[in-house]
Protein chains: 2
Amino acid sequence: MTSRSLADGILFTDQYQLTMSQIYFRMGLHEHEAHFEHYFRRYPDYGSHQAGFCIAAGLESLLDWMQSSRVTDADIEALRSQVDSTGRRVFDEDFLVWLRANGSFDSLSLRSMPEGRVVHANAPFTVVTGPLAVAQILETSLLNHLNFETLIATKAARVCEASRGRPVLEFGLRRSAGKGANAAARAALIGGAAASSNVGMSHVMGVQPKGTHAHSMVQVFMSLGEGELGAFRAYADVYPDDCLLLVDTIDTLKSGIPHAITVFDELRSKGHEPVGIRLDSGDLAYLAIQSAAMLNEAGYNNTSIVLSSSLDELVIFQILSQIDHEAPRYGIDPGRLIGRLVLGVGSKLATSDGQPYLDGVYKLMALRPMAGEAWVPAIKVSETPAKTPNPGDKDVVRVYDNRGRSTADVMVAKDSDFGHPDSGESGFGSAKTVELRHPIQPHSRRTLRHSEVSEIEPLLVDVLVEGTRVDEPVGLETFAARREADIERLDPGVRRLVNPHRYHVSLTSELWDLKQRLVAEARSQSA
Amino acid sequence: MTSRSLADGILFTDQYQLTMSQIYFRMGLHEHEAHFEHYFRRYPDYGSHQAGFCIAAGLESLLDWMQSSRVTDADIEALRSQVDSTGRRVFDEDFLVWLRANGSFDSLSLRSMPEGRVVHANAPFTVVTGPLAVAQILETSLLNHLNFETLIATKAARVCEASRGRPVLEFGLRRSAGKGANAAARAALIGGAAASSNVGMSHVMGVQPKGTHAHSMVQVFMSLGEGELGAFRAYADVYPDDCLLLVDTIDTLKSGIPHAITVFDELRSKGHEPVGIRLDSGDLAYLAIQSAAMLNEAGYNNTSIVLSSSLDELVIFQILSQIDHEAPRYGIDPGRLIGRLVLGVGSKLATSDGQPYLDGVYKLMALRPMAGEAWVPAIKVSETPAKTPNPGDKDVVRVYDNRGRSTADVMVAKDSDFGHPDSGESGFGSAKTVELRHPIQPHSRRTLRHSEVSEIEPLLVDVLVEGTRVDEPVGLETFAARREADIERLDPGVRRLVNPHRYHVSLTSELWDLKQRLVAEARSQSA
């Protein structure tokens, strides 16, 4: 087996990126300046429910990869060994010499939505400019990193929304996609999870990993004849100030909770306060209420109750709703019970169950022979209109209404008045109104008036300028602040877990007209 | 940011494995010999369709990780920094000293289903024996590797089944889970994909990566004024003997195919034979038929037609069925058309769309204070009967009927006559019949007669003996041979893509009785 490092470096890409690069090299186009845009076309649709927005994630992971990946001798050796169906070498020596010298991302510039921010379908998410061949090779890995982490951060934000601010713990390592589990843990933290069970990745992210014990520990003490009570006592003995017991190995209400209370009493008598219990099977709403009643009765009114077992946002929503309605019948205050819950979410978060991939794409939008010349816009015409990209060298701005709520993300030409920093405080330039066009439907228009707009915010941030990092790397607190601010400024309808309201992503008339002209020109080239 | 290597080594595990290990250490149990079993409880259920069997994969990746992962000073430093909610250190120094000296998998033994073989729900897939604390730490990573690769190998086998032996190409890198994309490519090859677009991982696996060009290359030539035809000519110029053209950038039938035929004619006039076309949007069944008609008309009866765009096993099944019925209306022989198809399958394969995780678990089955003493079976009683494991130190055998078809996987006690190598040719020992019990349903029994059995095959193979690799690593040809032989020996009903027949996984009466006794004993410990 060849060294696995081949699979983690610059060859973490699709074969066609390299075959195309060789064509560009052969035709003298490889150093033409290209403008690629990355965006996703559809919000995740989980079948019974759908996302109305996404949370951007994956940028730092991508930048790490870009900055550490450059073509090595081993990579060149591998490419030299490739042959086509007739046994001829796929890559010629002159191309490999060029690739060995130029196969890094030091020549690329990159603008992007910052991690943690709300990002919408069809709005530019990342813009890459630089030499055509190198920007092409980047495509696969850029999509891989941003698609997956954004997908998981979005799922995490939904789980947190359903959890009403209670802590969410990411537990998915054992069922996620190989080393992709680390990206999942990172993205879950960006999307709002309070912590993860993944030890290594938690340390990388600067967060304390979370976890207590499994059923197997209770089984060990049972097979030694010391039973569940013996297991709980051992746990309390080693972790007297952090005692959280898993109570469903035998029978939650008949065995687990009574044994936990016995051990909690013993802890208290020694001056330690127990932390709580975890429920991992059965009817979690019912068991949470009954457990709370038993714990309250025994004088443990504030111990945590951790719930886990196939949770996702809808299951959590249902469990909390059921507690709202059912708890009072058992003399339990639902608000106080919910206030002591912690949600452990595993497989369905780490794999985005129901919609396990985001359909992000990376499309050529413009090309020019060299920097300084005019951009020539590029088009692709799809038989599916939603797959026709929005061409041109452009920016994207977010428009806020008079309530301070975001009301549209608008793509604007680079030299447009609208949203330009020099267009006066309003961002409208000389105009009083701006006409917004739906990217696909020709009859869907919206007139935006100066008087109904409180702010116009450019969204993309410079991250790399010709390979040099120009933004400040930030930590989880910053991601959280961005996420919370952006979600707060969404219309509640867009935040809804099921059947959310559709957020407006629009083109200016200018870009709409450009798109129509290019589509017509492309069609006229048909045979 | 702490070095990412922390996230790839032995701390690629759940926090609770470490907190439990410290308890075992503190209680003097950490070197008790444990017997853990890994198995999955349910076949993947994709919603509209379900798997009737899985293809084992992930073992070699797991072994690579196990053999390269041992506790480092950086790992110890990270664990030393962990504190509980009261600010006290989680891990004491004496435990960390022990972990630094013993934190590797050199003391474990492992038996497993070989990669590429058919494996069934609830049958032991992997058995790990060794010191309790170390075997516990292994759990998370073992599950991660085997769950995910088995999930993807299974999906690939289904896609291949639907593709009627035509080559399947794995294209999912851009939408799969970060570095998990490499595991997905590997597993897809084990499950039957002919090749992958993933350059690095293809080299690691010793397979030529596949890919030609994207829409972006056509866009480049369009924006330079040379159009789709210019792009196709450039491609043919650089790859004259490997010319496969993507024909849907503008309009497949009006532009792409006519331009491709022009370039194919030019190639032939220079003595090169074109390879084919790729269709990536629109109605693929209709476009395949029309493209074949146009290519045939132009004298290209054998060029490949690659189909891609949101394919999975059901979509492929439908496309091929539609070609069967519709092609003759256009004068196209459906068998010949299908015989030139290649299927490019991306996101839905690499993420196992519809069921993105396998629910594999790792359960303590038996424990003994030291090697040589008797095993004490371990039990966990779940409120969901399917979650109660099948206890004891045991083996698993596959029983073949008189047609040579596999008819049941049977769990047998280690010292049982049935299926034992010394039990005579039949494997029945002194008995004429053996009673098989359903693992959960008490009234579901089956009597297996000596006369109806052609072979009894032990399934698990020794892989590690106290950390030393004892099997021979093999390549893709061996995986393919195992997979093809095992699938061929399945009942056709079990192979069905939708609503497959349920394969029997059973316990001997002896193991059934043991399970019932242990469940009763555990329940009697309830308060």
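Residues numbered from 1 in each chain as written. Chains lettered and ligands numbered in written order. Predicted model: local features only at pLDDT ≥ 70, side-chain atom pairs only at ≥ 80, totals over all residues.

Undergrad: Go over the overall build of chain A, please, and point to the residues and values.
TA: Tallying secondary structure elements over chain A gives 17 helices and 21 strands in all. Each principal axis of the C-alpha distribution contributes one length, and for chain A these read about 80 × 65 × 40 Å. Across the 527 residues that make up chain A, the buried fraction comes to 56%. When contacts within chain A are restricted to residue pairs at least 6 apart in sequence, those whose partners lie at least 24 apart make up 73%. (Helix = DSSP H or I, 4+ residues; strand = E, 2+ residues; numbered from the N terminus. Buried ≥ 20, exposed ≤ 12 C-beta atoms within 10 Å, placed from the backbone. Contact = placed C-beta atoms within 7 Å.)

Undergrad: Describe the interface of chain A and chain B, listing the residues and the values that go with them.
TA: Contacts between chain A and chain B engage 107 residues on the former and 107 residues on the latter. When its residues are assigned to classes, the side of chain A that touches chain B shows 46 nonpolar, 41 polar and 20 charged. (Nonpolar A, V, L, I, M, F, W, Y, C, P; charged D, E, K, R; others polar.)

Undergrad: Describe the sheet that holds strand S20 (residues 468-469) of chain A, listing the residues and the values that go with them.
TA: All names here are of chain A. Pairing is antiparallel in the open sheet, where seven strands are placed in the order S13-S12-S1-S5-S3-S19-S20. A single partner strand is all that each edge strand has here, and the edge strands are strand S13 (376-377) and S20. Relative to strand S5 (residues 126-131), strand S1 (residues 33-40) is paired through six bridges, and the arrangement is antiparallel. Along S5, the bridge assignment pairs His38 with Thr126. (Pairing = 2+ DSSP bridges.)

Undergrad: Provide a residue-level description of the relation of the copies chain A and chain B, including the pertinent values.
TA: Two chain copies here: they are related by a rotation about an axis and a translation along the same axis. Of the transformation placing chain A onto chain B, the axial shift is 0.0 Å and the rotation is 180 degrees, giving an RMSD of 0.0 Å. Interpreted geometrically, this transformation is the action of a two-fold axis. Residues of chain A ranked by C-alpha distance from the rotation axis are headed by Gly180 of chain A, positioned 2.1 Å from it. Taken together, the interface assignments show that 100% of the residues at the interface of chain A recur at the interface of chain B, consistent with an identical surface on both copies. (Least-squares fit on C-alpha atoms with pLDDT ≥ 70 in both.)

Undergrad: Explain the packing of helix H5 (residues 132-162) of chain B against helix H6 (residues 180-191) of chain B to me, and be specific about the residues and the numbers.
TA: In helix packing, the relevant descriptors are the interaxial angle and the interaxial distance, both defined with respect to the helix axes. Residues and elements named next belong to chain B. Interaxial distance between H5 and H6 falls to 7 Å at its minimum, and their mutual angle equals 45 degrees. Classified by the angle their axes make, H5 and H6 are oblique. For the pair H5 and H6, the crossing hand works out as right-handed. Where H5 approaches H6, its residues Phe148, Glu149, Ile152, Ala153, Thr154, Lys155, Ala156 and Ala157 are matched on the opposing element by Gly180, Ala183, Ala184, Arg186, Ala187, Ala188, Ile190 and Gly191. In terms of residue class, the contact of H5 with H6 is built from 10 nonpolar, three polar and three charged. (Axes fitted to C-alpha atoms, helices over the stretch in contact; angles between N-to-C directions. Parallel < 35°, antiparallel > 145°, perpendicular 65-115°, else oblique. Left-handed = near helix turned anticlockwise from the far one by under 90°.)

Undergrad: Describe in detail helix H11 (residues 284-297) of chain B, supporting the description with residues and values.
TA: Residues and elements named next belong to chain B. Across its 14 residues, H11 extends 19 Å between first and last C-alpha, which sits within 8% of the 20 Å expected from 1.5 Å per residue. Turning to H11, its buried residues number three or more, namely Leu284, Ala285, Leu287, Ala288, Ile289, Ser291, Ala292 and Leu295. Contact partners of the buried residues in H11: helix H10 (252-269), strand S9 (276-279), strand S10 (304-307), helix H12 (313-326), helix H13 (334-338) and strand S11 (341-345). (Expected span 1.5 Å × (residues − 1).)

Undergrad: So what's going on with the nonpolar core? Which residues, and what values?
TA: Of all hydrophobic cores here, the largest spans 337 residues; its most connected members are Ala156 and Ala288 of chain A together with Ala156 and Ala288 of chain B. When neighbours within four sequence positions are excluded, Ala288 of chain B is seen to be in contact with Leu279, Ile305, Leu307, Ile323, Leu337 and Leu341 of chain B. (Core = buried A, V, L, I, M, F, W, Y, C linked by C-beta atoms within 7 Å.)

Undergrad: Give a detailed account of the pairing of S5 of chain A, specifying residues and quantitative values.
TA: Successive residues of a regular strand alternate their side chains across the two faces of the sheet. All names here are of chain A. Counted residue by residue, S5 has five buried out of six residues, so it is predominantly covered. As paired elements, strand S3 (residues 109-112) and S5 share four bridges and run antiparallel to each other. The residue bridging Arg111 from the neighbouring strand is Val127, located in S5.

Undergrad: Break down the environment of Leu110 of chain A for me, with residues and values.
TA: All names here are of chain A. Examined against the element boundaries, Leu110 turns out to sit in strand S3. Residues Leu110 and Thr126 lie 16 residues apart in sequence; the distance between their C-alpha atoms is 7.0 Å. Sequence-distant contacts of Leu110, defined by excluding residues within four places in its chain, comprise Thr126, Val128, Val463 and Leu464.

Undergrad: For unusual backbone geometry, give the residues involved together with the corresponding values.
TA: Here the phi dihedral of Ser352 of chain A falls at roughly 50 degrees; this positive angle occurs in a residue that is not glycine. Examined against the element boundaries, Ser352 of chain A turns out to sit in the loop between helix H14 (347-350) and strand S12 (360-368). Despite not being glycine, Ser309 of chain B has its phi angle at roughly 115 degrees, a positive value. Note on placement: Ser309 of chain B falls in the loop between S10 and H12. Its 17 C-beta neighbours within 10 Å are what place Ser309 of chain B among the partly exposed residues.

Undergrad: Quick one: what's the story with the environment of Leu151 of chain B, residue by residue and with numbers?
TA: Residues and elements named next belong to chain B. Residue position: Leu151 is located in helix H5. The buried category is assigned to Leu151, around which 32 C-beta atoms lie within 10 Å. Considered as a pair, Leu151 and Gln82 are 69 residues apart in the sequence and their alpha carbons are 34 Å apart. Here Leu151 is in contact with Pro44, Ser352, Tyr357 and Leu358, once residues within four sequence places are set aside.

Undergrad: Any chance you could break down the confidence of the model for chain A for me, citing the residues and the numbers?
TA: Low pLDDT means the predicted atomic positions in that stretch should not be read closely. Overall, the prediction assigns chain A a mean pLDDT of 94, with 97% of residues at 70 or greater. Confidence estimates for the predicted assembly give a pTM of 0.97 and an ipTM of 0.96. (pLDDT = per-residue confidence, 0-100.)

Undergrad: For the sheet that holds strand S17 (residues 445-449) of chain A, give the residues involved together with the corresponding values.
TA: All names here are of chain A. Pairing in this open sheet of six strands is mixed, and the strands run S17-S16-S21-S15-S14-S18 from one edge to the other. Each edge of the open sheet is held by one strand with a lone partner, namely S17 and strand S18 (453-458). On average, each strand axis in the sheet is tilted by 35 degrees relative to the strand beside it, whichever way the strands run. In the sheet, strand S14 (residues 394-401) pairs with strand S15 (residues 406-413) via seven bridges, with the strands oriented antiparallel. Residue pairing across strands places Lys394 opposite Ala413, the latter belonging to S15. Most of the contacts of helix H17 (residues 509-524) go to strand S21 (residues 504-508), to which it runs at about 75 degrees, and overall it touches S14, S15, strand S16 (433-437) and S21.

Undergrad: So what about the environment of Arg437 of chain B? Which residues, and what values?
TA: All names here are of chain B. Along the chain, Arg437 falls in strand S16 (residues 433-437). Its 23 C-beta neighbours within 10 Å are what place Arg437 among the buried residues. Considered as a pair, Arg437 and Thr478 are 41 residues apart in the sequence and their alpha carbons are 33 Å apart. Those residues in contact with Arg437 that lie beyond four places of it in its chain are Arg445, Ser506, Leu507, Ser509 and Trp512.

Undergrad: Tell me about the packing of H11 of chain B against H12 of chain B, residues and numbers included.
TA: Residues and elements named next belong to chain B. As a packed pair, H11 and H12 sit with axes 9 Å apart at the nearest point and diverge in direction by 45 degrees. Put simply, H11 runs oblique to H12. Here the hand of the crossing between H11 and H12 comes out right-handed. Contacts from Leu284, Ala285, Ala288 and Ile289 in H11 reach Ile319, Gln322, Ile323 and Glu326 in H12. Its residues placed into classes, the contact of H11 with H12 shows six nonpolar, one polar and one charged.

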